[in-house]
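The primary structure of each chain is shown beneath.
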Amino acid sequence: MTITAKTVFIPGATSGIGLALALRLKDAGNTVVIGGRRTEVLASLAASHGFATVAIDTADPASVLAARDQLVAEHPSLDVLIAMAGIMAPENLLDPASAFLEIAEREVNTNILGPLRLVSAFLPQLASRPDATLMTVSSGLAHVPLAFTPTYNGTKAFIHRFTESIRLQLAGTSVTVVELVPPAVQTELTPGQSTREGYLDLDAFADEVMALWEADPAAPEILVERVKFLRFAEVEGRFDATVAALNAH
Ligand SMILES: NC(=O)c1ccc[n+]([C@@H]2O[C@H](COP(=O)([O-])OP(=O)(O)OC[C@H]3O[C@@H](n4cnc5c(N)ncnc54)[C@H](OP(=O)(O)O)[C@@H]3O)[C@@H](O)[C@H]2O)c1
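Residues numbered from 1 in each chain as written. Predicted model: local features only at pLDDT ≥ 70, side-chain atom pairs only at ≥ 80, totals over all residues. Heavy atoms only, no water.

Quick word on the pairing of strand 6 (residues 175–180)
This is how it is decided: The rule is simple: take the accessible area with a 1.4 Å probe, protein chains only, and divide by the maximum for that residue type; under 20% is buried, over 50% is exposed, in between is partly exposed. Counting from the N terminus, the helices are DSSP H or I runs at least four residues long and the strands are E runs at least two residues long. Whether a crossover is right-handed depends on one test, that the path from the first strand over the helix to the second runs clockwise when the strands point away from the viewer. Two strands qualify as a pair provided that DSSP identifies no fewer than 2 bridges between them.
Counting buried positions over the six residues of strand 6 gives five, a clear majority of the element. Assessed by its sense of winding, the connection that carries the chain from strand 5 (residues 132–137) through helix 5 (residues 150–170) to strand 6 is right-handed. As defined by bridge partners, strand 6 adjoins strand 7 (residues 221–222) across two bridges and the pair is classed as parallel. Directly across from Glu179, in strand 7, lies its bridge partner Glu221.

So this is what it looks like as structure tokens:
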């Protein structure tokens, strides 16, 4: 099956995974609206690829509601939301000069409250469509912690359990709830990550995601091969060894 003729909004598609999926979804015949804070990047991607765009800061409740109002007015057929926007930064609790609490609050606002605002704002629109999809974006780090990023790991664990929970509430509605669980991918999520050795190539990741999603659009989770090492560490009885391996460097 091909995911086509849908109207997709991806807040968090000015770069990285969101942009890679936006390009593939557009090529597959979907109407794709990309969102983000960097309006100059949105304008340039609209000019080069023909995307519709909406400026949105998911850390700002008023911005989310304004974006929703604009989208529903301009794209009443909107039936897929991919809550992609996220940030990640290292934290050092032992360094009094580090901005631990500031980083933690920013990540909670963007990675937890952002998706909650999006779900609250867009669910009525999605539920009004005959066949809609709500995709959340967690991480392999929801399942195995990376020592450098405690709050980030926690925000993604929240997304995992929240997604499982709303899937239960929305069972029997027209909204399919899908969780994308990326492994470490070469993007600009953290400085230098786009060329970091051992991280999955962005295009290879996006191609695998599209193949999995198209093969089973109702699958609860999209799990590329590389993330299964983290996703199933605990259930396969190798949690401690996987924590040690992940944090070895
Ligand atoms: N790359 C990985 O290794 C990896 C692994 C697991 C999970 N993930 C998750 O995948 C998602 C995408 O990350 P990425 O790796 O593609 O990183 P990225 O290239 O930095 O992309 C992040 C996107 O989120 C947007 N964004 C950030 N804060 C925002 C806000 N407050 N409001 C609206 N948009 C915001 C950015 O756009 P603007 O700057 O224009 O606002 C950008 O388009 C994130 O949720 C991340 O946690 C990534």
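What about the side chain of Lys6?
Note the threshold: Should any heavy atoms of two residues lie within 4.5 Å, those residues are considered in contact.
Mapped onto the elements, Lys6 comes out in the segment before strand 1 (7–11). Relative accessible area serves as the criterion here: at 14%, Lys6 is assigned to the buried category. In contact with Lys6, not counting residues within four places along its chain, are Asn30, Thr31, Asp79, Val80 and Asp131.

Section: the site of the ligand
This is how it is decided: Whether a residue is near a molecule or strand depends on its heavy atoms: it is near if one of them lies within 4 Å of it. Each accessible area is a Shrake-Rupley result for a 1.4 Å probe, and residues are judged covered by the shown protein chains and nothing else. Gly falls in the polar group here, along with every residue not listed as nonpolar (Ala, Val, Leu, Ile, Met, Phe, Trp, Tyr, Cys, Pro) or charged (Asp, Glu, Lys, Arg).
Close to the ligand lie 31 residues, the nearest being Thr14, Ile17, Arg37, Tyr152 and Thr187. Coverage of the ligand by the protein chains reaches 95% of its 880 Å² of free accessible surface. Listing elements by their share of the shell around the ligand, those giving two or more residues are helix 1 (16–27) and helix 5. Residue composition of the shell around the ligand, by class: 14 nonpolar, 12 polar and five charged.

Here's the deal with the nonpolar core
Selection rule: Definition used in this section: a nonpolar core is a set of buried Ala, Val, Leu, Ile, Met, Phe, Trp, Tyr and Cys residues joined via side-chain atoms within 4.5 Å.
Counting 35 residues, the largest nonpolar core has Ile10, Leu25, Ile82, Leu180 and Trp213 as the members making the most contacts within it. Those elements that place two or more of their residues in this core are strand 1, helix 1, strand 2 (31–36), helix 2 (39–49), strand 4 (80–83), strand 5, strand 6 and helix 6 (202–215). Excluding residues that lie within four positions of it along the chain, Trp213 makes contacts with Ile3, Leu25, Val80, Ile82, Thr133, Met135 and Ile222. With 22 residues, the next largest nonpolar core counts Leu78, Ala83, Leu118 and Ala121 among its residues.

Some points on the environment of Ile222
One can find Ile222 in strand 7. Assessed through its relative accessible area of 3%, Ile222 is described here as buried. Sequence separation between Ile222 and Met135 is 87 residues; the distance between their C-alpha atoms is 9.7 Å. Discounting chain neighbours no more than four positions away, the residues touching Ile222 are Met135, Val178, Glu179, Leu180, Val181, Val209, Leu212 and Trp213.

Remarks on the pattern of salt bridges
Put simply, the test is: Any Lys or Arg side-chain nitrogen found within 4 Å of a carboxyl oxygen on Asp or Glu counts as a salt bridge.
Summed over all chains, the structure comprises 10 salt bridges. Notably, a salt bridge pairs Asp207 with Arg24, separated by 2.7 Å at the nearest N-O pair. Here Arg24 lies in helix 1 and Asp207 lies in helix 6, a separation of 183 residues in the sequence. Taking relative accessible area as the criterion, Asp207 reaches 44% and is therefore assigned partly exposed. One salt bridge connects Arg161 with Glu164, and the closest N-O pair in it is separated by 2.6 Å. A residue pair is termed a helical-turn pair when its members lie 3 or 4 positions apart in one helix, as Arg161 and Glu164 do in helix 5 at three residues. Counted as one network, the salt bridges with shared partners bring together Lys6, Asp79 and Asp131.

Focus: the sheet that holds strand 4
Pairing between the strands of a sheet is mediated by backbone hydrogen bonds and can be parallel or antiparallel. Heads up, the condition is: Orientation is described by axes fitted as lines to C-alpha atoms, over the contacting stretch for helices, and by angles from 0 to 180 degrees between their N-to-C directions.
One open sheet accounts for seven strands, arranged 3-2-1-4-5-6-7; its pairing is parallel. This sheet does not close on itself; its edge strands, each paired only once, are strand 3 (52–55) and strand 7. Here strand 1 pairs with strand 2 via five bridges, running parallel. Within strand 2, the residue paired with Phe9 across the bridge is Val33. The strands that helix 3 (residues 61–74) touches are strand 1, strand 2 and strand 3; relative to strand 3, the one it contacts most, it runs at about 150°.

That is the geometry; function is a separate question.
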